[in-house]
Amino acid sequence: KPGQLPIGSAVTPGARLRRHCAENRRCHSPLRTQPTRTFPLPKGLPAQPLNQRMTTPHPHLTDQSADLPSIARHAATVLAGQLAVMAFGVTDTLVAGRDGEASLAALSVGSAIFISIYVGLMGVLQALMPVWAQQRGAGDLQGMGFSVRQSLYLCMGASALGMAVLLFPAPLLRWTEIPPALRAEVEQYLAVLAFALPAALLFRVYSTLNQALGKPQLVTWLQVASLFIKVPLSIWFTLGGAGLPAQGVVGCAWATLLVNYTMLALAVWLLRTQSIYPPLQLWRPLERPHAPTLSGFLQLGVPAGLAIMVEVTSFTLMALFIARQGTTAAAAHQIAANMAALLYMVPLSLAIATSARVSYWLGAGQALRARRVVYIGFRLAALTGIALAAILFIANQEVASVYSDSPAVAGVASGLLLWVAAYHLADASQTLCVFVLRSYRITVAPLVVYCVLLWGLGLGGGYLVAYSDTGIWSSMAASPAAFWACSALALLVTAAAFMVMLAKAAARSTHHASA
């Protein structure tokens with residue numbers, strides 16, 4: 001009968017087969033079975049002969065070892081793109097430094113403001129990846145296309161908000177006490193980037209879509225290729241040449257604007273031509289705003305975006321607090337911060353890849369396999385974190401000497417890099433956890449933890465240790481090491497809290513799926 005197993009799968013198949021052959025006198029091989037007597041299948045299994053089930057199992061349960069290479073490939077591809085994007089900032093820094101000290105100072109202020117705004121808004125859009133990956137896992141490709149179209153409304157709102165801040169930065173510049181000599185150039189720089197922001201956010205939607213599809217290669221190719229456009233344009237616009245007058249740091253902004261719109265145009269072309277997109281039906285007419293969908297986006301995206309802003313501002317505020325200790329301390333901190341940001345790219349890439357895979361299996365109704373993917377991703381993040389931290393711990397002096405020829409700066413920086421190694425150990429774990437928690441729709445609790453620990457214990461504790469008489473911590477007084485030590489401790493507690501949250505969320509999801 002349909003939905004039942006042949007009698008040959010009983011506890012003693014050989015004896016039953018022999019009796020059956022003797023009775024019917026037409027079976028000469030013990031490998032042939034007669035599915036006449038049956039018992040019920042477990043719920044959910046397909047109705048087909050036993051030997052066929054053994055050779056063609058359910059596709060969701062085939063070769064679970066494929067998750068490891070899938071995560072590794074996805075992470076490596078994302079890492080290449082992230083490093084290319086980091087090279088944008090390095091290019092602007094080098095070019096502005098050649099133009100003059102004033103341009104470099106204006107770039108430092110302007111890029112800090114732009115990055116703080118862009119990263120927060122980008123986090124809102126990046127948080128949509130679990131939604132789309134789960135829809136893909138559930139096979140709801142048309143619903144995924146509808147969701148992508150609805151995200152355009154969210155992108156328009158984020159662009160309007162960001163442009164308002166970038167076009168009118170005067171109150172922010174006065175509040176941060178930026179020297180008046182720099183304000184005019186910073187305002188011009190931010191005004192150009194204000195019009196580059198919508199393209200950057202739309203490209204982030206395209207990047208998030210590709211990550212949800214498990215196809216980040218197209219995004220990485222665009223990011224790497226755009227680097228070959230960004231470098232010559234930044235040099236040409238900033239320093240001048242071929243009849244174009246030098247524009248200073250504003251030239252870096254114009255180069256960024258042209259690169260962003262070029263990348264967006266290429267992304268639209270890929271959406272039109274590549275075979276992975278037609279099943280989504282992305283080019284259907286744009287529907288009216290759907291309140292339940294947009295509300296779900298905001299509930300997931302706003303806390304995630306704010307959490308990223310807390311991370312970014314914990315770095316920027318640390319730099320402001322350390323600046324009062326002098327140029328040597330500020331330069332050493334910049335080396336430590338740059339190395340921490342570079343190392344962060346590895347767990348970030350693993351977190352994106354793991355989150356996409358976990359969300360896919362959750363959407364497919366395979367909570368147990370999603371839980372196993374969490375453990376695979378966590379082991380990868382922990383092992384790479386330990387390896388990178390160990391390398392930095394051993395080669396801290398050599399790394400510091402690469403960044404600076406000054407013995408004083410290199411000496412302070414080498415000590416800070418030891419704390420960066422400890423910082424990265426915790427950072428690798430917490431980064432993966434916070435991304436995967438979004439797959440389980442947990443975003444508010446991580447935001448609260450970030451605010452309390454990164455701002456409270458990290459920044460607040462570092463300030464107290466550095467600028468007050470704290471007895472046993474007096475050796476760190478008026479030293480950037482105080483901030484790095486407290487930040488490493490805060491991140492360690494954060495990682496522990498997130499691991500508990502993630503373990504409970506994965507176990508709860510598995511329990512509900514099996515109930």
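Before any of the text, the structure's been laid out above.
Residues numbered from 1 in each chain as written. Predicted model: local features only at pLDDT ≥ 70, side-chain atom pairs only at ≥ 80, totals over all residues. Heavy atoms only, no water.

K.L.:
Residues and numbers for the overall build of the protein chain, please.
P.N.:
Within the protein chain one finds 17 helices and two strands. Burial statistics for the protein chain: of 515 residues in total, 49% are counted as buried. Of the roughly 24400 Å² of accessible surface on the protein chain, a fraction of 68% belongs to carbon and sulfur atoms. (Helix = DSSP H or I, 4+ residues; strand = E, 2+ residues; numbered from the N terminus. Buried < 20%, exposed > 50% of the residue type's maximum accessible area, 1.4 Å probe, protein only. Areas by Shrake-Rupley, 256 points an atom, 1.4 Å probe, with all protein chains shown as cover.)

K.L.:
Just give me the short version of helix 9 (residues 217–239), but keep the residues and values in it.
P.N.:
Quick reminder: α-helices carry 3.6 residues per turn. Residues three or four places apart thus point the same way. In this model, helix 9 (23 residues) spans 34 Å end to end at C-alpha, consistent with the 33 Å of a helix rising 1.5 Å per residue. When the local axis directions of helix 9 are compared, the greatest deviation, roughly 25°, occurs at Leu227. Those residues of helix 9 that sit buried are Leu218, Val219, Thr220, Leu222, Gln223, Ser226, Lys230, Leu233, Ser234, Phe237 and Thr238. Of the surrounding elements, those touching the buried residues of helix 9 are helix 3 (67–99), helix 8 (180–212) and helix 10 (249–273). Residue Gly240 follows helix 9 closely and has a positive phi angle near 85°. (Expected span 1.5 Å × (residues − 1). Bend = angle between axes of the 7 residues up to and from the residue. Contact = heavy atoms within 4.5 Å.)

K.L.:
Help me get a handle on the side chain of Ser429, residues and values and all.
P.N.:
Secondary-structure assignment places Ser429 in helix 15 (residues 407–439). Judged by its relative accessible area of 10%, Ser429 falls in the buried class. Residues contacting Ser429, with those up to four places away along its chain left out, are Phe378 and Ala495.

K.L.:
An account of the nonpolar core is needed here, citing residue identities and associated values.
P.N.:
Trp132, Tyr206, Leu209, Val420, Tyr440 and Trp484 are the most contacted members of the largest nonpolar core, which totals 145 residues. Per-element accounting of this core gives the leading share, 20 residues, to helix 12 (residues 327–363). Those residues in contact with Tyr206 that sit more than four places away from it in its chain are Leu218, Val219, Leu222, Ala267, Leu270, Leu271 and Tyr277. (Core = buried A, V, L, I, M, F, W, Y, C linked by side-chain atoms within 4.5 Å.)

K.L.:
Describe in detail a nonpolar patch on the surface, supporting the description with residues and values.
P.N.:
A cluster of nonpolar side chains, Leu83, Leu342, Val402 and Tyr403, forms an exposed patch at the surface whose accessible area comes to about 370 Å². Among the secondary structure elements, Val402 is positioned in helix 14 (residues 396–403). Residue Val402 is classed as exposed on the basis of its relative accessible area, which comes to 70%. (Patch = residues over 30% accessible without salt bridge, like charges linked within 9 Å, V, L, I, M, F, W, Y side chains within 5 Å. Salt bridge = Lys/Arg side-chain N within 4 Å of Asp/Glu carboxyl O.)

K.L.:
For the packing of aromatic side chains, give the residues involved together with the corresponding values.
P.N.:
Here the structure, examined in full by the defined rule, presents seven aromatic pairs. Summarising the aromatic geometry, the rings of Phe203 and Tyr206 are spaced 5.9 Å apart at their centres and angled 45° between planes, so their arrangement reads as tilted. Placement of the pair is Phe203 and Tyr206 together in helix 8, with a separation of three residues, close to one helical turn. Ring geometry for Tyr206 against Tyr277: centres 6.2 Å apart, planes inclined by 50°, an arrangement best described as tilted. Separated by 71 residues along the polypeptide, Tyr206 in helix 8 and Tyr277 in the loop between helix 10 and helix 11 (291–323) bring together distant segments of the chain. The exposure class assigned to Tyr206 is buried, which follows from its relative accessible area of 4%. A cation sits over an aromatic face here: Arg272 above Trp283, 3.9 Å from the ring centre. Sitting over the ring of Phe435, Arg438 keeps its end group 4.5 Å from the ring centre. (Phe/Tyr/Trp six-rings, centres within 6.5 Å; stacked < 30°, edge-to-face > 60°. Lys NZ or Arg CZ within 6 Å of the ring centre and 35° of its normal.)

K.L.:
Mind laying out unusual backbone geometry, listing which residues take part and the relevant values?
P.N.:
With glycine set apart, most residues show a phi of negative sign, and most peptide bonds adopt trans. With a phi angle near 55°, Gln281 is a residue other than glycine that sits in the positive phi range. Structurally, Gln281 can be placed in the loop between helix 10 and helix 11.

K.L.:
Describe in detail helix 16 (residues 444–467), supporting the description with residues and values.
P.N.:
A rise of 1.5 Å per residue sets the reference length of helix 16, with its 24 residues, at 34 Å; its end C-alpha atoms lie 32 Å apart and thus fit the reference within 8%. When helix 16 is considered as a whole, its buried residues turn out to be Pro446, Leu447, Val449, Tyr450, Leu453, Leu454, Gly458, Leu459, Gly461, Gly462, Val465 and Ala466.

K.L.:
Just give me the short version of the packing of helix 3 against helix 13 (residues 367–394), but keep the residues and values in it.
P.N.:
Here helix 3 crosses helix 13 at 50°, and the two axes come no closer than 10 Å. Taken together, the axes of helix 3 and helix 13 are oblique relative to one another. Seen from above, helix 3 lies across helix 13 with right-handed handedness. Contact residues: helix 3 offers Asp67, Leu68 and Ile71, while helix 13 offers Arg369, Val373, Ile376 and Leu380. (Axes fitted to C-alpha atoms, helices over the stretch in contact; angles between N-to-C directions. Parallel < 35°, antiparallel > 145°, perpendicular 65-115°, else oblique. Left-handed = near helix turned anticlockwise from the far one by under 90°.)

K.L.:
Would you mind going over the pattern of salt bridges in detail, with residue names and values included?
P.N.:
Going through the model one piece at a time under the given rule, you end up with three salt bridges. Residues Asp67 and Arg369 are paired through a salt bridge, measuring 2.9 Å at the closest nitrogen-oxygen approach. With Asp67 in helix 3 and Arg369 in helix 13, this pair connects stretches of sequence that are 302 residues apart. Arg369 matches Asp67 in its accessibility class, with the two residues each being buried. The partner of Glu287 in a salt bridge is Arg149, with the nearest N and O atoms 2.8 Å apart. One end of the pair, Glu287, is in the loop between helix 10 and helix 11; the other, Arg149, is in helix 6 (residues 141–167), with 138 residues separating them in the sequence.

K.L.:
Explain the packing of helix 12 against helix 15 to me, using residue names and the numbers behind them.
P.N.:
For the pair helix 12 and helix 15, the least separation of the axes is 7 Å and the interaxial angle reads 20°. Of the possible angle classes, the one that applies to helix 12 and helix 15 is roughly parallel. Pair helix 12 / helix 15 crosses with right-handed handedness. A breakdown of the residues in the contact of helix 12 with helix 15 according to their chemical character gives 26 nonpolar, eight polar and one charged. (Nonpolar A, V, L, I, M, F, W, Y, C, P; charged D, E, K, R; others polar.)

K.L.:
Could you give an account of the environment of Ala267, naming the residues involved and the relevant values?
P.N.:
Locating Ala267 in the fold gives a position in helix 10. Overall, Ala267 belongs to the buried group, its relative accessible area being 1%. Between the C-alpha atoms of Ala267 and Tyr206, which are 61 residues apart in sequence, the distance is 7.1 Å. Residues contacting Ala267, with those up to four places away along its chain left out, are Phe203, Tyr206 and Leu222.

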